Amino acid sequence: MDPRILQDHIIPSLPPTAYYIPSFLSPSESTHIFNTITSLPPHKWHQLTHRRLLSLPSPLTGTNRDNLLATTPLPTYLTDPILTSFSELGIFHDSPHKAPNHVLVNEYQPGQGIMPHTDGPAYWPVTATVSLGGHTVLDIYERTPSTSVSTNDSAEGDDSGLQSNEVATRRPKWRVLQEPGSLLVTTGELYTETLHGIAEVEVDEDLGPEEIANWDLLGDKAAYEVDGGRKRRETRISLTYRDVRKVSKGLKFLGKR
Ligand SMILES: O=C(O)CCC(=O)C(=O)O
Ligand SMILES: [Fe+2]
C-alpha cells in the first residue's frame with residue numbers, strides 16, 4: 001500500500017485501515033463492465049441462496065480451499081483498466097504477487113445480501129471491492145470471543161458467519177456506503193479483526209453523517225439526502241479483488257489438445 005497516494009481516502013472512524021474512492025471508474029467504464037458481466041451465459045454462474053457468484057479465474061481448491069490453480073488468466077474486462085489503477089495506487093504493492101490474482105463477482109438483487117463473515121487467511125489481507133450498478137451498505141461488526149466465524153468460502157455457498165440469532169440481535173458497529181463506480185479497500189486490523197456483511201433489505205435507511213462512516217468521502221451525498229436518508233436498492237455487482245497466497249500451476253499436459 002502506498003500511503004502517500006491513498007491517505008486522502010482513509011475512512012477515519014473505522015479501525016485501521018479502510019480506503020474509499022468514489023468515482024474510481026467512470027460511468028461508461030462501469031456500464032461496460034456491468035453489461036459484460038450480465039451478458040454472460042447463466043450456466044457460468046454459481047447460484048447461491050442469497051445471490052449469484054462467479055469465482056475467477058477459478059474457484060479455490062484443496063482441502064482448505066486456499067489454493068489457486070492458475071491455468072487461465074483473469075478476463076480482460078476485470079483487468080483493464082482496473083489493474084492499472086490498482087498498481088498506480090499501490091494497493092497490492094506489498095502482496096506476494098504484487099497484483100490480485102483472484103476475483104469474486106457477486107450479483108445482488110434488491111433484498112439480497114451476504115451474511116457477516118471474514119475473508120480469511122487464504123488471501124493476503126487486502127480486499128479491493130469495485131461496485132457496479134446500484135449502491136449498497138456494508139455492515140461491519142466487531143469480532144467478539146463468542147462470535148462464531150467462518151470465512152466467505154462463497155464457492156460452496158456457505159457464507160454463514162454469525163449464528164442467525166446473533167445477526168438478529170447484534171447491530172453493526174459501522175456502516176459503509178458503497179456508491180456505483182466506487183472502490184473500497186479493506187486491510188490490516190479491519191481485515192483480520194472485524195466481520196462484514198450486507199443486510200437483506202430492499203431499502204437502506206438512515207443514510208446520513210451520523211450513521212455512515214464514509215459520509216464525508218462520498219461522491220454524491222445528495223442522492224441519499226433527497227429522500228431523507230432512504231434509498232431503494234437496485235441490482236448491484238461487486239468485484240472483490242484479492243491476492244491468493246498459494247498458487248499452483250496447472251498440469252501442463254492438460255492444456256495440450
Ligand atoms: O459485495 C460486497 O461488497 C462484499 C462481498 C464480500 O464480502 C466477499 O465476496 O467476500
Ligand atoms: Fe467478504
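Just above sits the structure.
Everything numeric here is computed off the predicted structure, so don't read it as measured data. (Residues numbered from 1 in each chain as written. Chains lettered and ligands numbered in written order. Predicted model: local features only at pLDDT ≥ 70, side-chain atom pairs only at ≥ 80, totals over all residues. Heavy atoms only, no water.)

**Q** Requested: an account of the overall build of the protein chain, with residues and values cited.
**A** Looking only at helices and strands, the protein chain has eight helices and 15 strands in total. When each of the 257 residues of the protein chain is scored for burial, the buried share is 50%. Sequence-distant contacts in the protein chain: of pairs separated by 6 or more residues, those separated by 24 or more amount to 85%. Roughly 12500 Å² of accessible area belongs to the protein chain as shown, and the carbon and sulfur atoms make up 52% of that amount. (Helix = DSSP H or I, 4+ residues; strand = E, 2+ residues; numbered from the N terminus. Buried < 20%, exposed > 50% of the residue type's maximum accessible area, 1.4 Å probe, protein only. Contact = heavy atoms within 4.5 Å. Areas by Shrake-Rupley, 256 points an atom, 1.4 Å probe, with all protein chains shown as cover.)

**Q** Any details on the packing of aromatic side chains? Residues and values, ideally.
**A** Going through the model one piece at a time under the given rule, you end up with three aromatic pairs. It is K231 that lies over the ring of Y224; its NZ or CZ is 5.7 Å from the centre. (Phe/Tyr/Trp six-rings, centres within 6.5 Å; stacked < 30°, edge-to-face > 60°. Lys NZ or Arg CZ within 6 Å of the ring centre and 35° of its normal.)

**Q** Can you explain the coordination of the iron ion (ligand 2)? Please cite residues and give values.
**A** Ligation of the iron ion (ligand 2) by protein atoms is provided by H117 (NE2), D119 (OD) and H196 (NE2), these donors lying 2.1 to 2.2 Å from the ion. When the donor residues of the iron ion (ligand 2) are listed from N- to C-terminus, their spacing reads H-x1-D-x76-H. Comparing H117 with D119, the two get one shared label, buried. (Donors = N, O, S within 2.8 Å, 3.2 Å for Na, K, Ca; no water.)

**Q** For the nonpolar core, give the residues involved together with the corresponding values.
**A** Judged by nonpolar contacts, the single largest core of 31 residues is most densely connected at I37 and L239. Take this core: its biggest share by element is four residues, from strand β7 (residues 126-133). Excluding its chain neighbours within four sequence positions, the residues that come into contact with L239 are I33, I37, L78, I82, V103, L104, V105, A128, T129, V130 and L132. Listed in part, the 23 residues of the second largest apolar core include Y20, I114, A223 and Y224. (Core = buried A, V, L, I, M, F, W, Y, C linked by side-chain atoms within 4.5 Å.)

**Q** Account for unusual backbone geometry, naming residues and giving values.
**A** Of note, the amide linkage connecting P16 to T17 takes the cis form, showing an omega dihedral of -5 degrees. Assignment of secondary structure puts T17 in the loop between α1 (3-6) and β1 (18-21). Omega for the peptide link from D80 to P81 comes to 15 degrees, which places this bond in the cis form. Relative to the helices and strands, P81 resides in the loop between α3 (76-79) and α4 (82-89). Positioned with a positive phi, S23 is a non-glycine residue whose angle comes to about 50 degrees. Mapping S23 onto the fold places it in the loop between β1 and α2 (27-38).

**Q** So what's going on with the pattern of salt bridges? Which residues, and what values?
**A** Using the criterion set out here, one finds ten salt bridges in the structure. When the shortest N-O distance is used, the salt bridge between K246 and D66 registers 3.3 Å. In this pair, K246 sits in strand β15 (residues 246-249) while D66 sits in the loop between β3 (52-56) and β4 (67-70), placing the two residues 180 residues apart along the sequence. A residue is classified by how much of its surface remains accessible, and D66, at 17% relative accessible area, is buried. Among the ionic pairs, D119 bridges to R242, the shortest N-O distance being 3.2 Å. Of the two residues, D119 is situated in the loop between β6 (114-117) and β7 and R242 in strand β14 (residues 236-242); the sequence distance between them amounts to 123 residues. In this structure R242 comes out as buried when scored by relative accessible area, which is 3%. (Salt bridge = Lys/Arg side-chain N within 4 Å of Asp/Glu carboxyl O.)

**Q** Please provide a residue-by-residue account of the pairing of strand β5 (residues 102-108), values included.
**A** For β5, a buried count of seven out of seven residues is recorded, marking the element as mostly surrounded by other parts of the structure. Residues H102, L104, N106 and Y108 of β5 are buried on one face, and the alternating residues V103, V105 and E107, pointing to the opposite face, are buried as well. With five bridges joining them, β3 and β5 adopt antiparallel strand pairing. Paired with L53 across the bridge in β5 is N106. Alignment of β5 against β14, held across seven bridges, turns out to be antiparallel. In the sheet register, V105 faces β14, and the bridge partner there is L239. (Pairing = 2+ DSSP bridges.)

**Q** Quick rundown of α2? Include the residues and the values.
**A** Here α2 contains twelve residues, and its C-alpha end-to-end distance of 16 Å stays within 8% of the 16 Å for a straight helix at 1.5 Å per residue. Listed in full, the buried residues belonging to α2 are S30, I33, F34 and I37. Angular distribution of buried residues about the axis of α2 spans 100 degrees; they occupy a single face of the element. What points out from α2, more than 90 degrees from its buried face, is the exposed set S28 and H32. Where α2 is buried, its residues touch β3, α3, α4, β5, β7 and β14. (Expected span 1.5 Å × (residues − 1). Arc of directions from axis to C-beta.)

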